[in-house]
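Report on the structure
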Amino acid sequence: MGNNAKIISQRKLLGVAGLGWMFDALDVGMLSFIIVALKQEWNLTSEQVGWIGSINSIGMAVGAVFFGAMADRVGRKNVFIITLLLFSIASGLSAAVSTLSLFLILRFLIGMGLGGELPVASTLVSESVEASKRGQVVVLLESFWAVGWILAALISFFIIPVYGWRVALLLSAVPALYALYLRLKLPDSPKYTELEKKQRPSVLNNMKSVWKKEYSRQTLVLWILWFCVVFSYYGMFLWLPSVMVLKGFSMIQSFEYVLIMTLAQLPGYFSAAWLIEKIGRKFVLITYLIGTAVSAFFFGSAEELALLIVSGMFLSFFNLGAWGALYAYTPEQYPTVVRGTGTGLAAGIGRIGGVLGPLLVGYLVAAGTPISTIFTIFTIAILVGAVVVAFGKETKNTVLT
């Protein structure tokens, strides 16, 4: 393949994968706003609100492990299509429900699709791009998450107060079908195509393989890191509009302020994308995680609006930049034969943190715990993640095997 054709092919892959990523983020971002509306409409307790976020993460954990392992058996592209289909259908159906129990079941299925798609998408892109640009391209893929969050904030601000949360959900689900159509024309990753010609190990053997001596250190580092990052992200960001309401702002005001904070996600991604190839994965992860921890502490303890918005913007900037680096770093730790499984298992362990984070906030808020104390817990968790990265191996310019 010529140079120009290769560039066009990579851009197409980034665009198609990024569109799906954007719709996933649109759904997760919108859920944080819908939770505020649902709490009022269905008279939910703080504990019930916590379960909405957590059931989503339970589904993501199951999806990440199951579909990650499947990607090593049936191909990255096939799983890429199945996960988006599951996500789109369940998301559209959830706009029609009128009970919390049905909403929770569908959120579990949405979570399965979302949890399976993200590690498989990053694996597919990682295997399709040369070593010198791989980290940058995967972080740019992650930047579509910020676009989805910004769209979620815009739709929530303009649509939910006037037309309600059901219309907002449909707006996020229907366009995802277009991304599904585009995926049908994608080729599978060249690395997986090579693997298809060889004898592939079973799913169970692959799961055991990530703890072989040559991979055990990176597996332990990734599992702790993913847990800390996902625990803090879903604990903080799913509750962000609700926290603004708890701090005394109206629902409309909280949507507006969170939209402003969300805009800082894009420069967070772009700066991480530039630094990750210049300096390295570990530097970006450690620096951006420390920045996230400091921002989380100030956001939790802030009372004045100016400090809330500024610390919230820095929280968005550093946290989403760290996410980009995490998705670039993870698939590079394993060879092709177990890459989908290793990435999916790490993401799955992380989603356990995504279950506990929103639940913890819900129960602590119900118990009258100050927001500053809750965010201090997340600050500590993020710092643990930053320390653990120091023990990982640097993968800048690594040629995938």
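Residues numbered from 1 in each chain as written. Predicted model: local features only at pLDDT ≥ 70, side-chain atom pairs only at ≥ 80, totals over all residues. Heavy atoms only, no water.

Going by what an unreviewed UniProt entry lists, the protein is known as MFS transporter and is assigned to Peribacillus butanolivorans.

**Describing the overall build of the protein**
For the protein, the helix and strand inventory stands at 18 helices and zero strands. Here the C-alpha atoms of the protein give a radius of gyration of 20 Å, agreeing with the 21 Å that 2.2 N^0.38 yields for 401 residues. Seen through its C-alpha atoms, the protein measures out along the principal axes to roughly 60 × 40 × 40 Å. In the protein, which comprises 401 residues, the proportion classed as buried is 60%. (Helix = DSSP H or I, 4+ residues; strand = E, 2+ residues; numbered from the N terminus. Rg over C-alpha atoms; globule rule 2.2 N^0.38 Å. Buried < 20%, exposed > 50% of the residue type's maximum accessible area, 1.4 Å probe, protein only.)

**Thoughts on helix H16 (residues 305-329)**
Structural remark: α-helix, 3.6 residues per turn; residues separated by three or four positions point the same way. An ideal rise of 1.5 Å per residue puts 36 Å on 25 residues; H16 measures up with 36 Å between its terminal C-alpha atoms. For H16, the tally of buried residues reaches 18 of 25 residues, placing the bulk of the element in the interior. (Expected span 1.5 Å × (residues − 1).)

**Considerations on helix H8 (residues 176-183)**
Those residues of H8 not exposed but buried are Ala-176, Ala-179, Leu-180 and Arg-183. The buried residues of H8 occupy one face: seen down the axis, they fall within an arc of 105°. (Arc of directions from axis to C-beta.)

**Things to note about the environment of Gly-18**
Turning to its location among the elements, Gly-18 is positioned in helix H1 (residues 3-41). Take Gly-18: its relative accessible area is 0%, and that puts it in the buried class. C-alpha of Gly-18 to C-alpha of Glu-394: the two residues are 376 residues apart in sequence and 25 Å apart in space.

**A word on the packing of aromatic side chains**
Working definition: an aromatic ring pair is given by the centre-to-centre distance plus the angle between the planes. For the structure shown, the criterion picks out 26 aromatic pairs. Aromatic side chains Phe-317 and Phe-318 sit 5.0 Å apart centroid to centroid with 85° between the ring planes, which places their arrangement in the edge-to-face category. Pairing Phe-375 with Phe-378 gives two aromatic rings, centres 6.0 Å apart and planes at 90°, and the pair type is edge-to-face. Here the residue Phe-375 and the residue Phe-378 both occupy positions in helix H18 (residues 371-389), the gap between them amounting to three residues, near one helical turn. Comparing Phe-375 with Phe-378 shows no difference in burial state: the two are buried. What links up through ring pairs into an aromatic cluster is the set Trp-21, Phe-33, Trp-149, Trp-226, Tyr-233, Tyr-234, Phe-237, Trp-323 and Tyr-327. (Phe/Tyr/Trp six-rings, centres within 6.5 Å; stacked < 30°, edge-to-face > 60°.)

**A few points about the packing of helix H5 (residues 131-158) against helix H14 (residues 265-278)**
H14 packs onto H5 with a crossing angle of 175° between their chain directions and a minimal axis gap of 8 Å. In terms of their interaxial angle, H5 and H14 are classed as roughly antiparallel. Of the residues that constitute the contact of H5 with H14, the class distribution is 15 nonpolar, five polar and four charged. (Axes fitted to C-alpha atoms, helices over the stretch in contact; angles between N-to-C directions. Parallel < 35°, antiparallel > 145°, perpendicular 65-115°, else oblique. Nonpolar A, V, L, I, M, F, W, Y, C, P; charged D, E, K, R; others polar.)

**So, the pattern of salt bridges**
For the structure on display, the rule yields seven salt bridges. Where Glu-127 meets Arg-76, a salt bridge forms, and the shortest distance between an N and an O atom there is 2.7 Å. Here Arg-76 lies in helix H3 (residues 76-94) and Glu-127 lies in helix H4 (residues 100-128), a separation of 51 residues in the sequence. For the pair shown, Glu-127 and Arg-76 are each scored as buried. (Salt bridge = Lys/Arg side-chain N within 4 Å of Asp/Glu carboxyl O.)

**Some thoughts on the nonpolar core**
Burial of nonpolar side chains together is a common tendency in soluble globular proteins. Phe-103, Trp-145, Trp-226 and Trp-323 are the most contacted members of the largest nonpolar core, which has 126 residues in total. Looking at this core, the element that brings in the most residues is H1, giving 18 residues. With sequence-adjacent residues up to four places away left out, Trp-145 is seen in contact with Trp-21, Asp-24, Ala-25, Val-28, Leu-114, Leu-118, Tyr-233, Tyr-234, Gln-265, Tyr-269 and Leu-320. Counting five residues, the second-largest nonpolar core is a separate cluster that includes Phe-67, Ala-71, Val-79 and Val-120. (Core = buried A, V, L, I, M, F, W, Y, C linked by side-chain atoms within 4.5 Å. Contact = heavy atoms within 4.5 Å.)

**A closer look at unusual backbone geometry**
In this structure, Asn-43 is a non-glycine residue whose phi angle is positive, near 50°. With respect to the secondary-structure elements, Asn-43 resides in the loop between H1 and helix H2 (46-74).

**Some remarks on the packing of H14 against H16**
Direction vectors running N to C along H14 and H16 enclose 45°, while the axes themselves pass 7 Å from each other. By the angle class used here, H14 and H16 are oblique. H14 and H16 meet at a crossing whose hand is right-handed. Residues Gln-265, Pro-267, Gly-268, Tyr-269, Ser-271, Ala-272 and Ile-276 of H14 form the contact with H16, whose own contacting residues are Ser-316, Phe-317, Leu-320, Gly-321, Gly-324, Ala-325 and Ala-328. (Left-handed = near helix turned anticlockwise from the far one by under 90°.)

**Regarding the side chain of Ser-254**
Within the fold, Ser-254 resides in helix H13 (residues 251-262). Ser-254 gets classed as buried once you look at its relative accessible area, which sits at 0%. Setting aside residues no more than four positions away along its own chain, Ser-254 makes contact with Pro-241, Met-244, Val-245 and Phe-249.

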